[in-house]
Structure formats: C-alpha cells, structure tokens
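Residues per chain are reported as follows:
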Amino acid sequence: MMVAVALLAMALAAAAGDRSTLAVVAAVLCVVVAIGGLLVFESTVRRDHAERHTTPKLLSDSYVRVPRLRNRN
C-alpha cells in the first residue's frame with residue numbers, strides 16, 4: 001500500500017506539472033497496486049477463516065516463554 005501512496009503522489013505531481021500522459025500512467029498503476037494489495041489481504045483473511053485460525057490480537061496477546069529443559073546428567 002505504500003507503493004500505491006507513492007504512485008498517487010507521483011500522479012498528482014505529474015498532473016500539476018501538465019504531464020497528462022505520465023499522470024494517467026501513475027494513476028492507473030496506483031489503482032492496480034492498491035487493488036492487488038487488497039486482494040492479497042482479503043485472500044489471507046479468507047484462508048485463515050477457512051482453516052479456523054484465530055485472528056491475531058497484537059495489543060492484547062502476551063508472549064509466554066517456553067521453559068528450558070534441564071540437563072539430566
């Protein structure tokens with residue numbers, strides 16, 4: 001999505017500089033990249049739901065350390 005934002009900035013700068021062909025190309029690429037990113041995100045969510053994965057909760061999950069195994073020598 002950061003690439004889409006950068007392409008949007010390029011399209012706006014090209015439009016302001018009277019370069020219509022470059023503005024159209026950058027705008028089309030911006031739309032293609034944004035839709036591609038959203039499709040990847042949506043397919044990942046759909047697969048996680050199909051495989052019954054839990055939704056990650058980054059702010060409320062806690063990391064539980066695994067205890068070390070003791071040497072029995």
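Note that the structure is a prediction, hence the values are computed from the model and not measured.

**Quick look at the pattern of salt bridges**
Here's step 1: What the rule picks out here adds up to one salt bridge.
Here's step 2: Put simply, R46 and E42 hold a salt bridge, and the shortest N to O gap is 3.8 Å. With R46 and E42 both in helix 2 (residues 20-50) and four residues apart, the pair spans about one turn of that helix.

**Things to note about unusual backbone geometry**
Here's step 1: Phi at D18 is positive, roughly 60 degrees, even though this residue is not glycine.
Here's step 2: Within the fold, D18 resides in the loop between helix 1 (2-16) and helix 2.
Here's step 3: Among the residues examined, D18 registers a relative accessible area of 72% and is labelled exposed.

**Quick look at helix 1**
Here's step 1: If you check helix 1, its first and last C-alpha atoms are 21 Å apart, about what 15 residues at 1.5 Å a residue would give, namely 21 Å.
Here's step 2: All of the buried residues in helix 1 are A4, L7, A11 and A14. Along helix 1, the residues classed as buried sweep out an arc of 85 degrees about the axis, all on the same side. Along helix 1, the residues that are exposed and aim more than 90 degrees away from the buried face are M2, V5, L12, A13 and A16.
Here's step 3: For helix 1, the elements touching its buried residues are helix 2.

Cut-off values and rules
Residues numbered from 1 in each chain as written. Predicted model: local features only at pLDDT ≥ 70, side-chain atom pairs only at ≥ 80, totals over all residues. Heavy atoms only, no water. Salt bridge = Lys/Arg side-chain N within 4 Å of Asp/Glu carboxyl O. Helix = DSSP H or I, 4+ residues; strand = E, 2+ residues; numbered from the N terminus. Buried < 20%, exposed > 50% of the residue type's maximum accessible area, 1.4 Å probe, protein only. Expected span 1.5 Å × (residues − 1). Arc of directions from axis to C-beta. Contact = heavy atoms within 4.5 Å.

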